[in-house]
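A look at the structure
Below, each chain spelled out in residue letters.
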Amino acid sequence: MTLAISRGPKVETKTVEIAILGAGMGGLGMAAKLRRAGIDSFVILEKGSDVGGTWRDNHYPGSGCDVPSHLYSFSFEPKLDWTRKFAKQPEIHDYQLHVTKKYGLRPFIRFNTEVTESRFDEASALWHITTATGETFKANLVVSALGQLNRPAYPKIDGMDNFRGEKFHSARWDHNVDLTGKNVSVIGNGASAIQFVPEIVDQVKKLNIFQRSPNWVVPKADRPYTAFEQTMFNRFPLLVKLHRWMIYLTLERNFLAFIRGSFFSKLFEKAGLKELDTYITDPKLKEILTPDYPAGCKRVLISNDWYPAIAKPNCETLTSHIAKITENAIVTEDGVSHPTDVVIYSTGFQTMDFLAPMKVIGLGGKDLNDVWRNGAEAHRGVAVSGFPNFFMLYGPNTNLGHNSIIFMLECQINYILDAVSTLQNPKVRWLDVRKVAETEFNKELQADMQRTVWAGGCSSWYKNEAGKVTNNWSSFTAKYWWQMRHLDLDEYALVG
Ligand code: NAP
């Protein structure tokens, strides 16, 4: 049941003040949709000095998206002129700048404003938001658009602070460091490393890749769009819609590959092994690079130039664990010292503490960190009982291994617009998801999850130490869309 109060002409409405936290893809999408709905009573609080979130920060060489371009844009703001099938970071960031400009979002954004605490005040039914500089804001409704991949994770390695050379994380690439002719050590071999290693391998003297576990890598059907295709897309936008649908359906089908032991998962593994066979001839290297867990358990990587890069004579994949870092070398547990001028940490992100380090305090002084002690979870990935008028984009269990996260974001944005609409009723002070609804939803989700490879036997950033998958959605995105097509007020307690 939806209460579309703002849509009825005779019903009195109140202004809902909204604070959006973060100006990445989620925050920008939320703000653009609010503006399209004629709502201007919002502010975006952004930690950085520009929009873009992860696509602003991840500017390492070769950075790009492994979701096809035409599905990596909002359905309400299609980009007709993507230059290639899988866009690179500058083009995606340009798209974000375009959305910002078209919807006039800049005046709504407070840059360099890091939120440290959001606290719900029951008396006023307002969220009190505090920033790192001590500024305060008040809002009826908070939309956290912090994302899951915003805080780089660094390993804890003996002696790492003693290293005298240059060092940086791939998500904070230091373009001032000249890698030419240097001994470069890359720690990690995940989604980011496979993109920048092929870009730097010919520039450096020696490239050491410290691999903890191998990945499934399949080919990437990437190429530039031809001038003819671009002209057709520009002239007939309906074609773009059709193309988008085709991409969506193809990716949606790929979910079948993430069901444990399925025929499609075997196809993925076959494609991965074929790719390995094609490029890697050294039997020892082949053995090192062959995963011993089902495809998809960690993110399946797509690349055409990763294997050719690591097969180069100046590139070495090392599997002995790192014992320590000295002033000028990385020493592995087999006792070998690897001379190093530059260390690149490509060790992913802190994905478990979703909203950390921000403190979120709800009804009765309840701290969200305490509620999530045993692993984050939320109702439909967006709301948590006891935290009224607080919604998340790309929250717990909404990450995907097979389709576009922008599709998920749009489902969430539309759902939150229903919440805004509900709050516009002057009689409604807050809406709080019922615990029973949240529990039921998560019970079904985790039961579904057991069928998937994510629950299988490998460690990944999708799950916590106890093995609970806290990050991924457990089914087809169509199922999520169906559940999110409107906010069901029966699942919420309305207070007012
Ligand atoms: P990642 O894929 O999680 O890779 C991190 C790598 O670091 C893994 O190889 C991991 O080994 C290793 N590692 C982590 N901690 C370590 C430690 N203490 N010692 C040694 N090795 C360690 O991280 P990422 O490459 O930054 O990518 C993260 C996510 O960002 C991806 O899964 C994807 O969702 C997203 N991303 C997307 C794109 C895109 O094209 N859309 C591109 C880049 C990133 P283990 O595998 O053994 O844990």
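Worth saying up front: this structure is predicted, and the values here are computed from it rather than measured.

1. As for the sheet that holds strand E14 (residues 322-325)
Sheet architecture is open: three strands sit in the order E14-E15-E16, paired in antiparallel fashion. At either end of the open sheet lies a strand with only one pairing partner, and these are E14 and strand E16 (337-339). Strand-to-strand twist of the sheet, defined as the mean angle between neighbouring strand axes without regard to direction, takes the value 25°. Relative to E16, strand E15 (residues 329-332) is paired through three bridges, and the arrangement is antiparallel.

2. Structural notes on the environment of Thr422
Along the chain, Thr422 turns up in helix H11 (residues 405-423). For Thr422, a relative accessible area of 0% corresponds to the buried category. Between the alpha carbons of Thr422 and Met160 there is a distance of 52 Å; along the sequence they are 262 residues apart. At 2.8 Å, the side chain of Thr422 forms a polar contact with the backbone oxygen of Asp418.

3. Re the state of the cysteines
According to the stated counting rule, one finds one disulfide in the structure shown. Disulfide pairing is shown between Cys297 and Cys458; the S-S distance is 2.0 Å. On the sign convention where negative means left-handed, the S-S torsion of about -110° between Cys297 and Cys458 marks this disulfide as left-handed. Here the residue Cys297 occupies a position in the loop between helix H8 (283-289) and strand E12 (301-302), and Cys458 occupies one in the loop between helix H12 (435-449) and helix H13 (477-484), the gap between them amounting to 161 residues. Residues Cys297 and Cys458 agree in their burial class; the two are buried. No disulfide involves Cys65; its nearest neighbouring cysteine sulfur is the one of Cys411, lying 17 Å away.

4. So, unusual backbone geometry
Between Ala356 and the following residue, Pro357, the backbone shows a cis peptide bond with an omega angle of 0°. You can see Pro357 is positioned in the loop between strand E17 (342-345) and strand E18 (359-361). Its identity as a non-glycine residue notwithstanding, Ala125 has a phi of 55°, on the positive side. Position of Ala125 relative to the elements: it lies in the loop between strand E4 (115-121) and strand E5 (126-131). Given a relative accessible area of 5%, Ala125 falls into the buried group.

5. Side note on the environment of Asp490
Along the chain, Asp490 turns up in the loop between H13 and strand E21 (492-495). For Asp490, a relative accessible area of 53% gives the class exposed.

6. Examining the nonpolar core
Counting 88 residues, the largest nonpolar core has Ile18, Ile20, Met30, Phe42, Tyr72, Leu141 and Phe391 as its most contacted members. Of all the elements, H11 adds the most residues to this core, at twelve residues. Mapped onto the domain boundaries, this core takes at least three residues apiece from domain 1 (13-151 + 351-495) and domain 2 (173-221 + 271-345). Beyond its immediate sequence surroundings of up to four residues, Tyr72 is in contact with Met25, Trp55, Cys65, Val67, Trp82, Ile92, Tyr95, Ser404, Ile405 and Ile406. Judged by nonpolar contacts, the second largest core, of 30 residues, contains Val177, Phe196, Val197 and Ile280.

7. Focus: the packing of aromatic side chains
Two measures describe an aromatic ring pair: the distance that separates the ring centres and the angle between the ring planes. Taken as a whole and assessed by the stated rule, the structure comprises 28 aromatic pairs. Ring centres of Tyr60 and Phe196 lie 5.8 Å apart, and the angle between their planes is 70°; on these two criteria the pair is classed as edge-to-face. With Tyr60 in the loop between helix H2 (54-57) and helix H3 (89-102) and Phe196 in helix H4 (residues 193-200), the pair connects residues that are 136 residues apart, well separated along the chain. We note that Tyr60, like Phe196, is buried. A network of ring pairs unites the aromatic residues Phe255, Phe258, Phe268, Trp454, Trp461, Tyr462 and Phe476 as a single cluster.

8. Notes on the site of the ligand
Asp66, Asn189, Ser192, Ser213 and Trp461 are the nearest of the 22 residues found near the ligand. In the model, an oxygen atom of the ligand is placed 3.4 Å from a nitrogen or oxygen of the Gln195 side chain. Lys298 is positioned with one of its side-chain polar atoms (N or O) 3.2 Å from an oxygen atom of the ligand. Within the complex, 83% of the 910 Å² of free accessible area of the ligand lies under protein. Residue classes in the shell around the ligand are distributed as eight nonpolar, ten polar and four charged. Here the shell around the ligand spans two domains, and each of domain 1 (13-151 + 351-495) and domain 2 (173-221 + 271-345) adds at least three residues to it.

9. Section: a nonpolar patch on the surface
On the surface, a nonpolar cluster with roughly 270 Å² of combined accessible area is contributed by Phe236, Leu239 and Leu242. Along the polypeptide, Phe236 turns up in the loop between helix H5 (227-235) and helix H6 (237-253). Residue classification places Phe236 among the partly exposed residues on the basis of a relative accessible area of 41%.

10. A word on the sheet that holds strand E2 (residues 42-45)
Strand order across the open sheet formed by five strands is E3-E2-E1-E7-E19, with parallel pairing between neighbours. Every other strand in the sheet has two partners, leaving strand E3 (109-110) and strand E19 (390-392) as the edge strands with one partner each. Pairing geometry for strand E1 (residues 18-21) and E2, over four bridges, is parallel. Its bridge partner lying in E2, Ile20 is registered against Ile44.

Rules used in this analysis
Residues numbered from 1 in each chain as written. Predicted model: local features only at pLDDT ≥ 70, side-chain atom pairs only at ≥ 80, totals over all residues. Heavy atoms only, no water. Pairing = 2+ DSSP bridges. Helix = DSSP H or I, 4+ residues; strand = E, 2+ residues; numbered from the N terminus. Axes fitted to C-alpha atoms, helices over the stretch in contact; angles between N-to-C directions. Buried < 20%, exposed > 50% of the residue type's maximum accessible area, 1.4 Å probe, protein only. Polar contact = N/O pair within 3.5 Å; in protein donor to acceptor, adjacent residues only side chain to side chain. Disulfide = S-S within 2.5 Å. Core = buried A, V, L, I, M, F, W, Y, C linked by side-chain atoms within 4.5 Å. Domains from an automatic or database assignment. Contact = heavy atoms within 4.5 Å. Phe/Tyr/Trp six-rings, centres within 6.5 Å; stacked < 30°, edge-to-face > 60°. Near = heavy atom within 4 Å. Areas by Shrake-Rupley, 256 points an atom, 1.4 Å probe, with all protein chains shown as cover. Nonpolar A, V, L, I, M, F, W, Y, C, P; charged D, E, K, R; others polar. Patch = residues over 30% accessible without salt bridge, like charges linked within 9 Å, V, L, I, M, F, W, Y side chains within 5 Å. Salt bridge = Lys/Arg side-chain N within 4 Å of Asp/Glu carboxyl O.

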